[in-house]
Amino acid sequence: MEGFDGHPGMAKLAGVLSRRMKKENESSLMLDFGEVQKNGSLITNTFPIPIPKGGYSVCRHVGGLEFKVDNGSHGGHESGNGEHSHMIAPPAVKAGDRVLVAWVQNEAVIIDVIGKM
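Right, let's walk through the structure included here. (Residues numbered from 1 in each chain as written. Predicted model: local features only at pLDDT ≥ 70, side-chain atom pairs only at ≥ 80, totals over all residues. Heavy atoms only, no water.)

## Some words on the nonpolar core
Stated formally: For the purposes of this section, nonpolar cores are sets of buried Ala, Val, Leu, Ile, Met, Phe, Trp, Tyr and Cys residues that join through side-chain atoms within 4.5 Å. Between buried and exposed lies partly exposed: a residue is buried under 20% and exposed over 50% of the maximum accessible area for its type, with that area taken using a 1.4 Å probe on protein chains only. Here a strand is any run of E in DSSP of at least two residues, a helix any run of H or I of at least four, and the numbering for each starts at the N terminus. Note on contacts: a residue pair qualifies if any of its non-hydrogen atoms lie within 4.5 Å across the two residues.
Core analysis: the biggest nonpolar cluster contains 12 residues, these being Met-21, Val-36, Leu-42, Phe-47, Ile-51, Tyr-56, Val-62, Val-99, Val-101, Trp-103, Ala-108 and Ile-110. Of all elements in the fold, only strand S6 (98–104) and strand S7 (107–113) reach the threshold of two or more residues within this core. Per element, the largest residue contribution to this core is 3 residues, and it comes from S6. For Val-99, the residues in contact, after removing those within four places along its chain, are Asp-32, Phe-33, Gly-34, Glu-35, Val-36, Leu-42, Val-93, Ile-110, Asp-112, Val-113 and Ile-114.

What follows is the structure, encoded as structure tokens:
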């Protein structure tokens, strides 16, 4: 494989991953379970090779991204109508979290954190 000249082990691993991902592309979209590892990598049930942090996507509600909620209002102010907005930052995915993963073509996307009731 191009870019791995002089590194036969890496070239072999890249070839295996490439063939596996081509096979995944041939299948329909699917949901999977996975677990975030201590180093931030992701291992899923159907792809047990660690996907490095940065090699998968995370939906904003579990990615630690802030989003704005506005147009709320309440009484109890001495002046104005109490209209305001807040920045909300849900907890980010962390090591040890069991997650729901959607495979979109060859990319893993963490949809949410899974918990037991």
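## Here we look at the sheet that holds S7
We apply this condition: By the convention used here, strands pair only if DSSP detects at least 2 bridges between them.
Strand order in this open sheet of 5 strands is S2-S1-S6-S7-S3, and the pairing throughout is mixed. Every interior strand has two partners, whereas the edge strands, strand S2 (42–44) and strand S3 (57–58), have only one. The pairing of strand S1 (residues 30–36) with S2 spans 3 bridges and is classified as antiparallel. Note on S2: the bridge partner recorded for Gly-34 is Thr-44.

## A word on the pairing of S6
In the sheet, S1 pairs with S6 via 6 bridges, with the strands oriented antiparallel. Its bridge partner lying in S6, Met-30 is registered against Trp-103.

## Some details on the packing of aromatic side chains
Here is the rule we go by: Working definition: rings of Phe, Tyr and Trp (its six-membered ring) pair if their centres are within 6.5 Å, and the pair is stacked with planes under 30 degrees apart, edge-to-face with planes over 60 apart, and tilted otherwise.
In the structure shown here, the tally under the stated rule is 1 aromatic pair. Look at Phe-47 and Trp-103: their rings are 6.0 Å apart centre to centre, the planes differ by 70°, and that puts the pair in the edge-to-face class. In this pair, Phe-47 sits in the loop between S2 and S3 while Trp-103 sits in strand S6, placing the two residues 56 residues apart along the sequence. On the basis of relative accessible area, Phe-47 is assigned to the buried category, the value being 6%.

## Side note on the pattern of salt bridges
Convention followed: For this analysis, a salt bridge means a side-chain nitrogen from Lys or Arg found within 4 Å of a carboxyl oxygen belonging to Asp or Glu.
Counted by the stated rule, this structure contains 1 salt bridge. Taking the shortest distance from any N to any O, the salt bridge between Asp-97 and Lys-94 comes out at 3.2 Å. What makes Asp-97 buried here is its relative accessible area of 10%. According to the relative accessible area criterion, Lys-94 is exposed, its value standing at 52%.

## Observations regarding unusual backbone geometry
Excluding glycine, a negative phi dihedral is what most residues carry, and trans is how most peptide bonds are arranged. A positive phi angle, close to 55°, is found at Gln-105, a residue other than glycine. Inspection of the secondary structure puts Gln-105 in the loop between S6 and S7.

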